[in-house]
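Residues per chain, in single letters:
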Amino acid sequence: GIQVEQSPPDLILQEGANSTLRCNFSDSVNNLQWFHQNPWGQLINLFYIPSGTKQNGRLSATTVATERYSLLYISSSQTTDSGVYFCAVVQRTGANSKLTFGKGITLSVRP
Amino acid sequence: DAGVTQSPTHLIKTRGQQVTLRCSPISGHKSVSWYQQVLGQGPQFIFQYYEKEERGRGNFPDRFSARQFPNYSSELNVNALLLGDSALYLCASSLVQGGTEAFFGQGTRLTVV
């Protein structure tokens, strides 16, 4: 099956700093999503971005499907950005549309 | 509009017991998927249902089963619970099958003692 690798595994930032989170995947995809998991466990949708670039406030994402990677940018980070960020993909050649997740990136933003 | 709703939010069961978790998708969504997330890992795919038929199954034992009802809600059943079944169980809803955007519920946290 498809492999999803996220880096770095952990990230510590001072409030106000910028960061880039990376997601590499091993095969062509139909779907790529970025999620933020809150302390209560809910996965919050950040971006649905199988290709191209999108922006939402301080967050933006870029997926280069031909090179099999996606980047999530967080600018002017706030303490509320802390948590675990997941990248998840749906393999194009898969028999179903299951999401395959990376192991996540734990972000800590310090005041 | 209501998002994906799951019940119960927390559950404590004893080894060997059976459990049923429930999920209501976003109105108009016809695909429901179930995921298991153990501490420190990403969610792992268990089942996908679309139009009331099973369309995919992950690498989980036969103790795990699910179904989807005519109103597109879904139940996940786990029999003969083991300590290792303790996890956060997440339900995802999407409009159709085939890679459209998925939305998750708040999860059911199952503890097996």
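Provided above is the structure to which this section pertains.
Model, not experiment: these values are computed from the prediction.

**A short note on the state of the cysteines**
For the structure on display, the rule yields 2 disulfides over all chains. The residue that forms a disulfide with Cys23 of chain A is Cys87 of chain A, at a sulfur-sulfur distance of 2.0 Å. Disulfide Cys23 of chain A to Cys87 of chain A: torsion about the S-S bond roughly -55°, handedness left-handed. With Cys23 of chain A in strand E3 (residues 19-25) and Cys87 of chain A in strand E9 (residues 83-91), the pair connects residues that are 64 residues apart, well separated along the chain. Two residues share a disulfide in this structure: Cys23 of chain B and Cys91 of chain B, whose sulfurs sit 1.8 Å from each other. Judged by the torsion about the S-S bond (-65°), the Cys23 of chain B/Cys91 of chain B disulfide is left-handed. Placement of Cys23 of chain B in strand E3 (residues 19-24) and of Cys91 of chain B in strand E9 (residues 87-94) is noted, with a sequence separation of 68 residues between them. The same class applies to Cys23 of chain B and to Cys91 of chain B, which are both buried.

**A few points about the interface of chain B and chain A**
Taken together, the contact pairs 23 residues of chain B with 21 residues of chain A. Both faces considered, chain B and chain A share a buried interface measuring about 1600 Å² in area, 51% of it formed by carbon and sulfur atoms. Where chain B touches chain A, the interface holds 7 residue pairs in polar contact (both at pLDDT 80 or more). When the residues that make up the side of chain B that touches chain A are grouped by side-chain class, the tally is 8 nonpolar, 11 polar and 4 charged.

**Here we look at the sheet that holds strand E8 (residues 69-74) of chain A**
Residue and element names in this part refer to chain A. The strand order E1-E3-E8-E7-E6 describes an open sheet built from 5 strands, whose pairing is antiparallel. The outermost strands of the open sheet, each flanked by one partner alone, are strand E1 (4-7) and strand E6 (52-56). Neighbouring strand axes in the sheet, compared pairwise and without regard to direction, differ in orientation by 15° on average.

**Section: the sheet that holds strand E8 (residues 74-78) of chain B**
All names here are of chain B. Reading across from one edge, E1-E3-E8-E7 is the order of the 4 strands in this open sheet, with antiparallel pairing throughout. Unpaired on one side and paired on the other, strand E1 (5-7) and strand E7 (64-68) mark the two borders of the sheet. Strand-to-strand twist in this sheet, taken as the mean axis angle between neighbours without regard to direction, amounts to 15°. Pairing of E3 with E8 involves 5 bridges; the strand directions are antiparallel. From the neighbouring strand, Arg22 faces E8, where its bridge partner is Glu75.

**Points about the environment of Gly40 of chain B**
Residue and element names in this part refer to chain B. With respect to the helices, strands and loops of the structure, Gly40 is situated in the loop between strand E4 (31-37) and strand E5 (44-50). The class of Gly40 is exposed, set by a relative accessible area of 61%. With 11 residues separating them along the chain, Gly40 and Glu51 place their C-alpha atoms 33 Å apart.

Calculation notes
Residues numbered from 1 in each chain as written. Chains lettered and ligands numbered in written order. Predicted model: local features only at pLDDT ≥ 70, side-chain atom pairs only at ≥ 80, totals over all residues. Heavy atoms only, no water. Disulfide = S-S within 2.5 Å. Helix = DSSP H or I, 4+ residues; strand = E, 2+ residues; numbered from the N terminus. Buried < 20%, exposed > 50% of the residue type's maximum accessible area, 1.4 Å probe, protein only. Contact = heavy atoms within 4.5 Å. Buried area = accessible area lost by both parts, 1.4 Å probe. Polar contact = N/O pair within 3.5 Å; in protein donor to acceptor, adjacent residues only side chain to side chain. Nonpolar A, V, L, I, M, F, W, Y, C, P; charged D, E, K, R; others polar. Pairing = 2+ DSSP bridges. Axes fitted to C-alpha atoms, helices over the stretch in contact; angles between N-to-C directions.

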